[in-house]
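One letter stands for each residue in the lines below.
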Amino acid sequence: MTARRVAVVQAAPRLFDLPETLRRFEDLLARAAAGGAHLVVFPEAFIGGYPKGSTFGATVGRRDDEGRALFARYRRSAIEILGEAFERMSAAVAAQQAHVVVGVIERCGRTLYCSALLFAPDGTLQARHRKLVPTGTERVIWGRGDARDVVVADTDIGRIGLAICWESYMPLYRTALYQQDVQIYCAPTADDRDVWTSTMRHIAVEGRCFVVSANQFAGRDDYPGDFPAAAIQGGSCVVDPFGHVLAGPSFGKQDVLIADIDLAVLDGAYLDLDVVGHYARPDIFRFRTAPPESQERHDRS
């Protein structure tokens, strides 16, 4: 069977409230799975939260105590792989028997990472990808991923790749996923600009793949009273390999988008475009990814 149903969850966590966020994850996952989804995609930083607008008291050459206290609060709402919160997520996935992609704030040793996790239907972790380059001020609070995180997972519903937010603006990262024959390009994000849909359509056409992008929809109730709310308006979508939007973009509301995709479409899509194959010019341009062993990182995972 090449036809699959995908669901995109457009919602937000409760910032700094991990128990409530996990409850939302379970409820929204059940809602999406009830629609018959084989794959459910959640937004960037759904577990742990995206503290939009925060400075964490950091300026060039200076950090303040108030910012450190906020970071400590944020760090305590992050999860550890194989920790208690992770096991609860795993159990929720196993209960719904769907492939799940979810953005998390991952705590590893003393560092936080903006990560995307891919769970198999039995709740096992099939892939973890850490954002390679946190964007702008995100670099104050998150570490960087490395070559071990550039992976496309071979699943029974297709080859799934993970690209977190502005990684989709990294041409060579996209190329690395294309080289690994990505079929379902999952793009958890916090970018709610109108132009994001255009980016997703471009990637679908360029990579001759299905693109599934999930964004948060966040309002006042998703933040504690002592934290300044910053709205995130959504924009989630599903796009086919010819750039046709199959679902969304959805703005201004919590939503669960459902779309049916058929991987058999890909065979015909490759007729006129394969940017790492017959439409490439390796005699002129050469691209390779660094082997994981060439990367040096303090990693206790």
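Being a predicted model, the structure only gives us computed values, none of them experimental.

A. Representation of the packing of aromatic side chains within the structure. Applying the stated criterion to the full structure yields 10 aromatic pairs. Here Phe56 and Tyr74 contribute two aromatic rings whose centre-to-centre distance is 5.9 Å and whose plane-to-plane angle is 50°, an arrangement assigned as tilted. Of the two residues, Phe56 sits in the loop between β2 (39-41) and β3 (58-59) while Tyr74 sits in helix α2 (residues 65-76), which places them 18 residues apart along the sequence. With respect to burial, Phe56 and Tyr74 carry one shared label: buried.

B. Main features of the pattern of salt bridges. The tally for this structure, following the rule as stated, stands at 20 salt bridges. For Glu80, the salt bridge identified is with Arg107, shortest N-O distance 3.6 Å. In this pair, Glu80 sits in the loop between α2 and α3 (84-96) while Arg107 sits in strand β5 (residues 99-108), placing the two residues 27 residues apart along the sequence. Beyond isolated ion pairs, a larger network of salt bridges with shared partners links Glu20, Arg23, Arg24, Asp27 and Asp222.

C. Representation of the environment of Ala231. Looking at the secondary structure, you find Ala231 in the loop between β12 (217-218) and β13 (232-239). Here Ala231 falls in the partly exposed class, since its relative accessible area comes to 41%. It is 9.6 Å that separates the C-alpha atoms of Ala231 and Gly252, two residues lying 21 residues apart in sequence. Those residues in contact with Ala231, other than ones at most four positions away along the chain, are Lys52, Asp192 and Ala218.

D. α2, seen in detail. With 12 residues, α2 extends 17 Å between its outermost C-alpha atoms, agreeing within 8% with the 16 Å of an ideal straight helix rising 1.5 Å per residue. Those residues of α2 lying buried are Gly67, Leu70 and Tyr74. Viewed end-on, α2 has its buried residues packed into an arc of 60°, placing them on one side of the element. Of the exposed residues in α2, the ones pointing more than 90 degrees away from its buried face are Asp65, Arg68 and Arg76. Buried residues along α2 sit against β5 and β6 (111-119).

E. Expanded view of the sheet that holds β2. In spatial order, the strands read β7-β6-β5-β2-β1-β15; together these six strands make up an open sheet with mixed pairing. At either end of the open sheet lies a strand with only one pairing partner, and these are β7 (125-130) and β15 (255-262). Between one strand axis and the next, the sheet turns by 30° as a mean value, whatever way the strands run. Here β6 runs beside β7; their pairing, made up of five bridges, is antiparallel. Its bridge partner lying in β7, Ser115 is registered against Arg130. Each of β5, β6 and β7 is contacted by α3, which is oriented at about 15° to β6, the strand it contacts most.

Conventions adopted
Residues numbered from 1 in each chain as written. Predicted model: local features only at pLDDT ≥ 70, side-chain atom pairs only at ≥ 80, totals over all residues. Heavy atoms only, no water. Phe/Tyr/Trp six-rings, centres within 6.5 Å; stacked < 30°, edge-to-face > 60°. Helix = DSSP H or I, 4+ residues; strand = E, 2+ residues; numbered from the N terminus. Buried < 20%, exposed > 50% of the residue type's maximum accessible area, 1.4 Å probe, protein only. Salt bridge = Lys/Arg side-chain N within 4 Å of Asp/Glu carboxyl O. Contact = heavy atoms within 4.5 Å. Expected span 1.5 Å × (residues − 1). Arc of directions from axis to C-beta. Pairing = 2+ DSSP bridges. Axes fitted to C-alpha atoms, helices over the stretch in contact; angles between N-to-C directions.

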